[in-house]
Amino acid sequence: NFSDTGEWLETESSITFNQLPEKVQIAFKGSHKGATVKAVAKIETSKNITKYEVEIKQGVKTVELFYSADGTETK
């Protein structure tokens, strides 16, 4: 992903749930029991931050959840 001026902002790569850091898997399973996972991604930002995205199905909506590598759910 790039800004309107061409500055690199982040790269999002699809991964499997099992490729998430163990702490992220544990945190997700603990707070979203029974959730249907639609997609998982690793996001690397231009600020040298790595975060993880888990998309889940919630009713008719898709919800995006974000985690830091230590398993903390972020915005």
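About the thresholds
- Residues numbered from 1 in each chain as written.
- Predicted model: local features only at pLDDT ≥ 70, side-chain atom pairs only at ≥ 80, totals over all residues.
- Heavy atoms only, no water.
- Helix = DSSP H or I, 4+ residues; strand = E, 2+ residues; numbered from the N terminus.
- Contact = heavy atoms within 4.5 Å.
- Lys, Arg positive; Asp, Glu negative; His and termini not counted.
- Charge placed at Lys NZ, Arg CZ, Asp CG, Glu CD.
- Pairing = 2+ DSSP bridges.
- pLDDT = per-residue confidence, 0-100.

S.K.: Before we move on, could you go through the overall build of the protein and cite the residues and values that matter?
M.R.: When its secondary structure is counted, the protein shows one helix and five strands. Its helices and strands taken in sequence order, the protein reads β-α-β-β-β-β from the N to the C terminus. Within the protein, contacts between residues separated by at least 24 positions form 42% of all contacts whose residues are at least 6 apart in sequence. When the 10 positive and 11 negative side-chain charges of the protein are each reduced to one mean point, those points stand 8 Å apart.

S.K.: Summarise the sheet that holds strand 3 (residues 50-58); cite the residues concerned and give the values.
M.R.: Overall, antiparallel pairing links the five strands, which are arranged 1-2-3-4-5 in an open sheet. Both outer strands of the open sheet, strand 1 (10-15) and strand 5 (73-74), are each paired with one neighbouring strand and no more. Pairing analysis gives eight bridges linking strand 2 (residues 36-45) to strand 3, with the strands arranged antiparallel. If you follow alanine 39 over to strand 3, its bridge partner there is glutamate 55.

S.K.: Let's hear about the confidence of the model for the protein: which residues, and what values?
M.R.: Taken over all residues, the pLDDT of the protein has a mean of 95, while the share at 70 or more is 100%. Here strand 5 stands out as the element of the protein with the lowest mean pLDDT, 94, in contrast to strand 1, whose mean of 98 is the highest.

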